[in-house]
Amino acid sequence: MKIQVIIGSVREGRTAIKVARWVQKGFEQLGLSTVQLKLVDLKEWDLPIFSGANPPMTGIYDQPKQQAWADHIAQGDAFIFISPEYNHGYSPALKNALDYLGKEWQGKPAAYISYGGTNGSRSIDQIRQVGTQLGLVDTNAVIEIRDIFSRNKTEDFEPNPFDEKNLKAAIDKLIKYVSA
């Protein structure tokens, strides 16, 4: 089972990479031998704003980077999307990455993690709407990280017991959906 963690922020000094490492550590601590977890950093992918001639839902990818992204995403069995909340929405880099493709998302389970001014709740609401339209399976595995600004002062994300419990529950839900 291959789970991709999509790091949906490209800003300098971003928290999303710290949260992704925490997720990775959580998977490692559970010792899930059947799960291959891969961090997918949108900053490294550097996808230009989508400007292809064909709507992605057609499956006709006329840009080399679009085809490479499609090939990469097609390898995932499930996804965990991590995004900060920007102005009560989610990151434009993640929106662009989702909009790049069509069929590669369809039928695959998704979990969502966000943080920010409203603990990421509005960001998650919007990502879930778009994910549903793209055919992602909403597992209802959601983590809204509270007090991110006070817990983001070191190189590592500082989870609290509530975050740890939610991460385990989200992992369990995601694996259940993939295994079904």
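In every chain, residue numbers begin from 1 and rise along the written sequence. Note on the predicted model: pLDDT of at least 70 is required for a residue's local features to be given, and 80 or more for side-chain atom pairs to be given and counted; whole-chain, interface and lining totals, by contrast, use all residues. Hydrogens and waters are ignored; side-chain quantities use all the structure's heavy atoms.

A. Spotlight on the overall build of the protein. Helix numbers and strand numbers start at the N terminus; a helix is a DSSP run of H or I with at least 4 residues, a strand a run of E with at least 2. When you go through the protein residue by residue, the secondary structure sums to six helices and six strands. Traced from its N-terminal end to its C-terminal end, the protein shows the element sequence β-α-β-α-α-β-β-α-β-α-β-α. The globule rule used here is 2.2 Å times the number of residues to the 0.38 power, and the radius of gyration it is set against is calculated over C-alpha atoms. Taken over C-alpha atoms, the radius of gyration comes to 15 Å for the protein, in line with the 16 Å a tight globule of 180 residues would show. Residue exposure (1.4 Å probe, protein chains only): buried if accessible area is under 20% of the type maximum, exposed if over 50%, otherwise partly exposed. Of all 180 residues assigned to the protein, the portion counted as buried reaches 49%. The method behind every accessible area is Shrake-Rupley, applied with a 1.4 Å probe, and residues are considered shielded solely by the protein chains displayed. Only carbon and sulfur atoms are counted for the fraction: they give 50% of the accessible area of the protein, which is about 8,800 Å².

B. Structural view of the packing of helix H4 (residues 92–99) against helix H5 (residues 121–134). As a packed pair, H4 and H5 sit with axes 11 Å apart at the nearest point and diverge in direction by 5 degrees. Taken together, the axis directions place H4 and H5 in an arrangement best described as roughly parallel. Along its contact with H4, which presents Leu 94, Lys 95, Leu 98 and Asp 99, the element H5 presents Ile 127, Val 130 and Leu 134. Tallied by class, residues from the contact of H4 with H5 come to five nonpolar, no polar and two charged. Only the stretch in contact is used when fitting a helix axis, every axis being a line fitted to C-alpha atoms; angles between N-to-C directions are given from 0 to 180 degrees. We call two directions roughly parallel when the angle between them is under 35 degrees, roughly antiparallel when it is over 145, roughly perpendicular when it lies between 65 and 115, and oblique otherwise. It only takes one pair of heavy atoms within 4.5 Å for two residues to be counted as in contact. Here the nonpolar group is Ala, Val, Leu, Ile, Met, Phe, Trp, Tyr, Cys and Pro; Asp, Glu, Lys and Arg are the charged ones; every other residue, Gly included, is treated as polar.

C. Quick look at the layout of surface pockets. Cavity and pocket criteria rest on a 1 Å grid covering protein atoms alone: a 1.4 Å probe that fits but cannot get out defines a cavity, protein on both sides within 12 Å along at least 5 of 7 lines defines an open pocket, and an atom within 4 Å of a point defines a lining residue. Grid points are joined across faces, edges and corners, and a volume is the space filled by probe spheres set on the points. Approximately 200 Å³ is the volume found for the largest pocket. Lining the largest pocket are 14 residues; nearest its centre among them are Thr 15, Pro 84, Tyr 86, Tyr 115 and Phe 149. Ranked by residues supplied to the lining of the largest pocket, first place goes to strand S3 (residues 78–86) with three residues. Of the pockets and cavities examined, the second largest pocket occupies roughly 160 Å³. Around the second largest pocket, the lining residues are Val 10, Leu 42, Lys 43, Asp 46, Leu 47, Ile 49, Pro 92, Ala 93, Asn 96 and Ala 97. For the lining of the second largest pocket, the elements supplying multiple residues, two or more each, are helix H2 (42–45) and H4. Looking at which element gives the most residues to the lining of the second largest pocket, the answer is H4, with four residues. In the lining of the second largest pocket, the residues fall into seven nonpolar, one polar and two charged.

D. Representation of empty space enclosed by the protein within the structure. Per the counting criterion, the structure on display carries one cavity of 30 Å³ or more. Forming the boundary of the largest cavity are Ile 80, Ala 111, Ile 113, Ile 143, Leu 167, Ala 170 and Ile 171. At the level of elements, strand S5 (109–115) and helix H6 (161–179) are the ones that each hand at least two residues to the lining of the largest cavity. Examining the composition of the lining of the largest cavity, we find that three residues originate from one element, H6, more than from any other.

E. Structural view of the UniProt feature "domain: NADPH-dependent FMN reductase-like" (unreviewed entry) in the protein. Here, the residues flagged by UniProt with the feature "domain: NADPH-dependent FMN reductase-like" (unreviewed entry) are residues 1–140. Between the C-alpha atoms that bound residues 1–140 the distance is 19 Å, and the span itself is 37% helix and 24% strand. UniProt positions are given in the numbering used here, feature names are shortened, and annotations may be inferred rather than shown by experiment.

F. View of the packing of helix H1 (residues 16–30) against H6. Where H1 contacts H6, the axes come no closer than 11 Å and their chain directions differ by 70 degrees. Here H1 lies roughly perpendicular to H6, going by the angle between them. Each of Trp 22, Val 23, Gly 26, Phe 27 and Leu 30 in H1 lies in contact with H6, whose residues at this interface are Asp 163, Glu 164, Leu 167, Lys 168, Ile 171 and Ile 175. Classifying every residue of the contact of H1 with H6 by side-chain character gives seven nonpolar, one polar and three charged.

G. Structural context of H4. The complete set of buried residues in H4 reads Leu 94, Asn 96, Ala 97 and Leu 98. Next to the buried residues of H4 lie strand S1 (2–7), H2, helix H3 (64–74), S3, strand S4 (89–90) and H5.

H. Quick look at the pairing of S5. In terms of burial, S5 is a largely internal element, seven of the seven residues being buried. Each pair of strands is called paired provided DSSP finds at least two bridges between the two strands. Of the pairings in the sheet, the one linking S3 to S5 comprises six bridges and is parallel in character. Pairing of Ser 83 across the sheet is with Ser 114, part of S5. Where S5 lies against strand S6 (residues 137–145), seven bridges are found, and the strand directions are parallel. Paired with Tyr 115 across the bridge in S6 is Ile 145.

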